[in-house]
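So you can see what is in the structure, the chains are spelled out below.
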Amino acid sequence: MLCLTLTGSHASECIEQFREYRNLIHLVEIRLDLLSDPDRDEVAQLCQSIDVPIILTCRRKQDGGAWEQGEKLRTALLLTCLELGVSYIDLEEDYKRQELEQRARELSVNIIRSYHDTRKVPEDMFARLVKLSKRGDIAKIAVTPQSITDTHILFNVERELADMPNKIVIGMGEWGIPTRILYKRTGSLFTYCSPEGTSAASGHLSAKTMAELYRADRVTQATQIFGVVGNPVMHTSSPMIHNPAFHQSGLDAIYVPFLVDNVRSFFKLAERLPVTGFSVTVPHKQQVLPFLGRISREVKLIGSCNTVVRKGSLWKGLNTDFYGFLQPIQAELEAGTIRKAVVIGAGGAARSVVWALRNYRCKVVILNRTAQKARKLAEETNSQWDEISAAANQEHVDLIVQTTSVGMEPNDQLNPVPDFPFSGREIAYELVYKPQRTAFIQAAEQAGCRVVYGMQMLLAQGKLQFESFTGLSYPQEPTDSTS
Ligand code: ATR
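Trainee: Residues and numbers for the nonpolar core, please.
Mentor: Ranked by size, the top nonpolar core spans 91 residues in total, and within it Ile25, Leu32, Ile89 and Phe258 carry the most contacts. Tallying contributions element by element places strand S10 (residues 253-259) first for this core, with six residues. Membership of the second largest hydrophobic core comes to 29 residues, among which are Ile302, Ile329, Ala378 and Tyr429.

What follows is the structure, encoded as structure tokens:
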């Protein structure tokens, strides 16, 4: 079940939010602390407009809410609103006033007994959950993982406390996002989400994202889990490439972003969940290598892996950046019209690009801010290299590929090679995909060049990844939500 937390500051705003998302959600949480001046009439008006079960909550500031007006007033408000036909009331672990609890039981309102930690995952988390559930209430724990190891601990709840039926386990913040999407794999009854453009708690995803992109509700024990590991990771468009394609192909599978600080710890979680395959992004494309039982020819060549799939008891590493990069310029490469290429950057992405071009025997010049890195890659790939400032001196270039992160949002106005003398006959290939028209692309377009956008490569490598994950072709229907 998906629970929409209403974030409006007035009943009218909350009613509008509810109506907009009514078809996507199953429960609503009224947060009295988010209403600007809550009283019985306003909450009654709200309750009358909502035809799904309601959770009544008034969250204190110290627990991540906005309530600062003291316990006496909070109890009075909750007591009054309890009578308005709500199904659940959320009471914190340390809430001691008996009258509210007693009245809730008289009215057969379910009590969610909650514990919050906005800084960490407490060491005694399992014991706390057991304590919270003691009186037959729904035990809810909302804690803040600070690493992928912490996230793993939250997923252990399902197994460790399998005989506790009524529980909600939430990892707040970015580390906790997999626990929100895969809430059923933590053994949780439901997961919370917010209206688009608002966020009731750190790490809340929107109702649309939860219901339409991730279909979090459809996850069962049989659902295959895929994902992307990176740091940062929430900016990636890969969930928009894979989730709609799983759906269109009729597969029971989900693709989830995992913020990962330690690759070894992620592999442990991947065994535990289990994860069937995953994409790898910055900065882990090399760090995953020691954990792979098999690698493809391209991974061996490039020393970088962006796709990992489970093969029996082993993890196999692939590199779809290599072929994904080539796809948009395949015709020119096969026709032999790309003889000289300039590659800006010498990082992980540049490695795949240079190796792929060298595979087609293109002459490659690598230009990088740090000359030493350009030189190293040039030596490995039998290419030429120079400092990035030498961009101004390049001649007879058929292809220029921009592989650095320069120009990525929010620094859209930056171009790593503002002096490059575009003649108009080069193909300008950008790897940055947000924004679509980077400063580099704009300069190339002004000169009349054919351009290849970062999104084209992202999609091409993603489609190949999908094939490695599923053994199926990527479905025809376009996934325009990636733009
Ligand atoms: P990726 O896997 O995306 O390539 P990376 O391996 O960290 O990421 O490489 C980043 C590339 O962007 C490098 O070539 C880096 O240049 P340095 O080797 O000099 O660090 C380049 N880069 C990042 N920020 C840059 C900047 N402000 N100006 C120029 N180049 C930059």
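Trainee: Tell me about the sheet that holds strand S11 (residues 275-280), and name the residues and values.
Mentor: Read across the sheet, six strands follow the order S10-S9-S11-S13-S14-S12 without closing on themselves; strand pairing throughout is mixed. The outermost strands of the open sheet, each flanked by one partner alone, are S10 and strand S12 (294-295). Across the sheet, helix H18 (residues 454-470) is in contact with strand S9 (224-230), S10, S11, strand S13 (307-311) and strand S14 (314-318); its angle to S13 comes to roughly 10°.

Trainee: Can you tell me about the site of the ligand, naming the residues and giving the values?
Mentor: Taken together, 13 residues sit near the ligand, with Gly348, Asn368, Arg369, Thr370 and Lys373 positioned nearest. With respect to the ligand, the side chain of asparagine 368 contributes an N or O atom lying 2.8 Å from an oxygen atom. Arginine 369 has a polar side-chain atom sitting 2.9 Å from an oxygen atom of the ligand. For the ligand, whose free accessible area comes to 630 Å², the fraction covered by protein is 70%.

Trainee: Mind laying out the packing of helix H6 (residues 148-155) against helix H11 (residues 263-272), listing which residues take part and the relevant values?
Mentor: At a minimum axis separation of 9 Å, H6 and H11 run at an interaxial angle of 20°. The angle between the axes of H6 and H11 places the two elements in the roughly parallel class. Crossing of H6 against H11: the hand is left-handed. Where H6 approaches H11, its residues Ile148, Thr149, His152 and Phe155 are matched on the opposing element by Ser265, Phe266, Lys268, Leu269 and Arg272.

Trainee: Quick rundown of the sheet that holds strand S3 (residues 54-57)? Include the residues and the values.
Mentor: An order of S7-S6-S5-S4-S3-S2-S1-S8 is seen for the eight strands of this open sheet, with the pairing classed as parallel. The open sheet has two edge strands, strand S7 (167-171) and strand S8 (191-193), and neither has a second partner. With strand direction ignored, the average angle separating the axes of adjacent strands in the sheet is 25°. With three bridges joining them, strand S1 (residues 2-6) and S8 adopt parallel strand pairing. Looking at S8, one finds that leucine 4 is bridged to cysteine 193. Of the strands in this sheet, S1 and strand S2 (27-31) touch helix H1 (residues 11-21), which is tilted by about 155° from S1. Set on the sheet, helix H5 (residues 125-132) makes contact with strand S5 (110-116), strand S6 (138-143) and S7; between it and S6 the angle comes to about 150°.

Trainee: How would you summarise H1 if you had to cite specific residues and measurements?
Mentor: For H1, the full list of buried residues reads Ala11, Cys14, Ile15, Gln17, Phe18 and Tyr21. All buried residues of H1 lie within an arc of 160° about the axis, which places them on one face of the element. Opposite the packed face of H1, turned more than 90 degrees from it, sit the exposed residues Glu16, Arg19 and Glu20. Check the buried side of H1 and you find it contacts S1, S2, helix H2 (40-49) and helix H9 (207-213).

Trainee: Break down the packing of aromatic side chains for me, with residues and values.
Mentor: By the definition in use, this model includes 18 aromatic pairs. Arranged with centres 5.6 Å apart and planes meeting at 70°, the rings of phenylalanine 267 and phenylalanine 278 form a pair that is edge-to-face. Within this pair, whereas phenylalanine 267 is found in helix H11, its partner phenylalanine 278 is found in strand S11, the two being separated by 11 residues in sequence. Judged by relative accessible area, which is 0%, phenylalanine 278 ranks as buried. Across from the ring centre of tryptophan 315, 4.5 Å away, lies the NZ or CZ of arginine 310, which sits over that ring.

Trainee: Explain the pattern of salt bridges residue by residue, including any values.
Mentor: Pairing is possible between side chains that carry opposite charge, provided their charged atoms lie close to one another. Tallying each qualifying case throughout the model produces 31 salt bridges. Residues glutamate 101 and arginine 105 are paired through a salt bridge, measuring 2.9 Å at the closest nitrogen-oxygen approach. Residue glutamate 101 and its partner arginine 105 are located together in helix H4 (residues 98-106), separated by four residues, close to a single helical turn. Here glutamate 101 falls in the buried class, since its relative accessible area comes to 3%. Aspartate 137 is paired through a salt bridge with arginine 105; the nearest N and O atoms lie 3.1 Å apart. You can see aspartate 137 sitting in the loop between H5 and S6 and its partner arginine 105 sitting in helix H4, a full 32 residues away along the chain. The exposure class assigned to aspartate 137 is buried, which follows from its relative accessible area of 6%. In the salt-bridge network here, residues are joined through shared partners; they are Arg59, Glu71, Arg74, Asp90, Glu92 and Lys140.

So, how was this worked out
- Residues numbered from 1 in each chain as written.
- Predicted model: local features only at pLDDT ≥ 70, side-chain atom pairs only at ≥ 80, totals over all residues.
- Heavy atoms only, no water.
- Core = buried A, V, L, I, M, F, W, Y, C linked by side-chain atoms within 4.5 Å.
- Buried < 20%, exposed > 50% of the residue type's maximum accessible area, 1.4 Å probe, protein only.
- Helix = DSSP H or I, 4+ residues; strand = E, 2+ residues; numbered from the N terminus.
- Pairing = 2+ DSSP bridges.
- Contact = heavy atoms within 4.5 Å.
- Axes fitted to C-alpha atoms, helices over the stretch in contact; angles between N-to-C directions.
- Near = heavy atom within 4 Å.
- Polar contact = N/O pair within 3.5 Å; in protein donor to acceptor, adjacent residues only side chain to side chain.
- Areas by Shrake-Rupley, 256 points an atom, 1.4 Å probe, with all protein chains shown as cover.
- Parallel < 35°, antiparallel > 145°, perpendicular 65-115°, else oblique.
- Left-handed = near helix turned anticlockwise from the far one by under 90°.
- Arc of directions from axis to C-beta.
- Phe/Tyr/Trp six-rings, centres within 6.5 Å; stacked < 30°, edge-to-face > 60°.
- Lys NZ or Arg CZ within 6 Å of the ring centre and 35° of its normal.
- Salt bridge = Lys/Arg side-chain N within 4 Å of Asp/Glu carboxyl O.

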